[in-house]
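# Remarks on the overall topology
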Amino acid sequence: MSLELEGVARRYGDVRAVDGVDLVVARGRTTALLGPSGCGKSTLLRLVAGLEAPDAGTIRLDGRDLAPVPPQRRGVGMVFQDYALFPHLDVAGNVAFGLVEQRWPKERRAARVAELLEAVGLHGLERRRPHELSGGQQQRVALARALAPRPSLLLLDEPLSNLDRTLRDELTAELATLLSDLDVQAIHVTHDQNEAFALADRVAVMRDGRIVQEDTPEALIDAPRDAWTARFLGLRELIPATAARTLGFAGPTLLRVERLRPDPDGHRFEVRSRHVVGSDLEFVLTSPDWNLDLRWRARPRELAEIPTAGDELRLRVPDDAWTVLEVQG
Ligand code: ADP
């Protein structure tokens with residue numbers, strides 16, 4: 001399965017929810033669509049699912065233009081943020097829903113439902129109604145329902161956002177395993193960078209209706225396109241453009257703190273605070289010359305003396321510790 005979007009746009013009144021998206025999701029990849037709330041992620045998913053029509057642009061699945069294809073014929077399964085389970089149907093009825101629509105014979109239907117409930121760990125709960133299930137269980141029913149008709153593409157709209165933190169971490173790992181076991185290609189919408197990086201092997205960063213950058217998690221962290229993307233990905237050690245220019249850099253510049261090492265002739269930092277993280281020490285440092293605060297970690301044995309708040313700490317900053325970003329953003 002490969003999905004190609006070209007110039008896809010959708011507005012609501014004056015709001016350009018999706019504003020000219022070009023994106024290729026290659027075969028066999030889990031892609032996360034990552035961006036802050038309101039940037040157009042759900043709208044983009046609904047356009048792919050056929051629940052909305054684009055104002056402009058084309059969406060192709062395996063080379064076929066989807067415009068004339070109704071949602072139920074697109075071979076696309078969708079899991080919604082609020083799960084949208086049918087309250088009057090039990091678990092088995094919910095999972096079988098798409099199969100009934102597609103007129104699967106009764107026996108094959110029952111076998112497929114059993115197989116999926118087994119896969120998502122809900123065997124034995126066939127007769128429960130949605131309101132008799134926990135949030136995590138409802139989420140699994142929604143997933144099983146979307147997967148039942150063997151979609152060639154699964155769309156997940158913030159499927160974990162209604163769950164508490166612990167359950168979310170657990171289900172993130174579970175979902176990653178399940179998608180790879182079942183060999184389903186998925187697009188996963190989230191505003192949570194950790195979730196995106198844990199689940200996806202490609203990440204498309206979205207802002208204001210557009211895709212800003214699409215790459216592997218490693219490449220995004222290594223070379224975010226601009227300051228906004230860097231900050232959104234949680235890279236905090238960023239020198240803004242104006243300050244960076246005084247240091248001779250052409251644009252906002254990231255400092256890779258993990259590349260700094262103690263050196264008596266190095267750059268002068270002041271220690272703001274120090275605390276223990278596992279077997280490391282973490283220092284909050286400030287560079288008066290660069291007007292930059294940063295967190296830096298070291299093994300205690302790397303340091304001749306262990307500095308404390310108010311002390312000076314000198315670190316060598318190699319050339320490859322700087323990444324200069326594009327000016328806009
Ligand atoms: P996200 O999923 O990234 O949070 P959405 O796709 O839900 O973003 O929304 C993108 C923008 O489009 C927002 O400004 C939102 O208010 C607007 N929007 C989405 N759906 C509708 C709608 N049905 N009617 C009017 N505005 C909408």
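Look above for the structure.
Okay, so let's go over this structure. Values in this document were obtained by computation on a predicted structure and should not be read as measured data.

## So, the sheet that holds strand β13 (residues 261-277)
Sheet architecture is open: 4 strands sit in the order β15-β14-β13-β16, paired in antiparallel fashion. Looking at strand neighbours, the two that pair on one side only are β15 (292-298) and β16 (312-316), the edges of this open sheet. Taking each pair of neighbouring strands and ignoring which way they run, the sheet shows an average axis angle of 45°. As paired elements, strand β14 (residues 280-287) and β15 share 7 bridges and run antiparallel to each other. Each residue of the ladder has a partner; that of V284, found in β15, is R295.

## Considerations on the site of the ligand
Lining the immediate environment of the ligand, one finds Y12, V15, A17, P36, S37, G38, C39, G40, K41, S42, T43 and R46. S42 is positioned such that a nitrogen or oxygen atom in its side chain is 2.8 Å from an oxygen atom of the ligand. Separating a nitrogen atom of the ligand from a side-chain N or O atom of R46 is a distance of 3.5 Å. Starting from 560 Å² of accessible surface for the ligand in isolation, the protein chains cover 60%. Of all elements in the fold, only β2 (15-25) and α1 (41-49) reach the threshold of two or more residues within the shell around the ligand. If one sorts the elements of the shell around the ligand by residue count, α1 sits on top with 4 residues. For the shell around the ligand, the class distribution of residues is 5 nonpolar, 5 polar and 2 charged.

## Section: the pairing of β2
Across 8 bridges, strand β1 (residues 3-12) lies against β2 in antiparallel orientation. Each bridged residue has a counterpart across the sheet, and for R11 the counterpart in β2 is R16. Between the antiparallel neighbours β1 and β2 lie 2 residues, among them G13 with a positive phi of about 60°.

## Quick look at helix α4 (residues 135-147)
Since the α-helix advances by 3.6 residues per turn, residues separated by three or four positions end up pointing in the same direction. Spanning 13 residues, α4 covers 18 Å between terminal C-alpha atoms, matching the ideal 18 Å at 1.5 Å per step. Most of α4 is tucked away: 11 of the 13 residues are buried. All buried positions along α4 are accounted for by G136, Q138, Q139, R140, V141, A142, L143, A144, R145, A146 and L147. Buried positions along α4 lie against β6 (76-79), α2 (91-101), α3 (106-119), β7 (153-157) and α5 (165-181).

## Some words on unusual backbone geometry
Unusually for a residue other than glycine, E158 sits at a positive phi of about 45°. Considering the arrangement of structural elements, one finds E158 in the loop between β7 and α5. The backbone of D208 sits at a positive phi, close to 45°, despite the residue not being glycine. Along the chain, D208 turns up in the loop between β9 (202-207) and β10 (210-215).

## Digging into the sheet that holds β2
If you walk across this open sheet you meet the 4 strands as β2-β1-β4-β5, and the pairing is antiparallel. Single-partner strands in this sheet number two, and they are β2 and β5 (64-65). Packing of α1 onto the sheet brings it into contact with β1, β2 and β4 (56-61), and relative to β1 it is tilted by some 120°.

The rules behind these values
- Within each chain, residues carry numbers counting from 1 in the order of the written sequence.
- It should be noted that, the model being predicted, local features are given only for residues of pLDDT at least 70 and side-chain atom pairs only at 80 or more, the latter also being counted only at that level, while totals for whole chains, interfaces and linings use all residues.
- Neither water nor hydrogens contribute to the side-chain values; these are computed over all heavy atoms in the structure.
- Two strands are said to pair when DSSP picks up at least two bridges between them.
- Helix numbering and strand numbering both begin at the N terminus, where a helix is a DSSP run of H or I of at least 4 residues and a strand a DSSP run of E of at least 2.
- Throughout, an axis means a line fitted to C-alpha atoms (over the contacting stretch in the case of helices), and angles, computed between N-to-C directions, take values from 0 to 180 degrees.
- Whether a residue is near a molecule or strand depends on its heavy atoms: if one lies within 4 Å, it is near.
- Side-chain atoms alone can form a polar contact between residues adjacent in sequence; in general such a contact is a pair of N or O atoms within 3.5 Å, and within protein one must be able to donate a hydrogen while the other accepts it.
- Here the open area of atoms and residues is found with the Shrake-Rupley method and a 1.4 Å probe, where only the protein chains shown may cover a residue.
- Any residue that is not Ala, Val, Leu, Ile, Met, Phe, Trp, Tyr, Cys, Pro, Asp, Glu, Lys or Arg is counted as polar, Gly included; the first ten are nonpolar and the last four charged.
- Here the expected span of a helix is defined as 1.5 Å times the quantity of residues minus one.
- The cut-offs for exposure are 20% and 50% of the maximum accessible area for each residue type, with area from a 1.4 Å probe on protein chains only; residues under the lower value are buried, those over the upper are exposed, and the others partly exposed.
- Note on contacts: a residue pair qualifies if any of its non-hydrogen atoms lie within 4.5 Å across the two residues.

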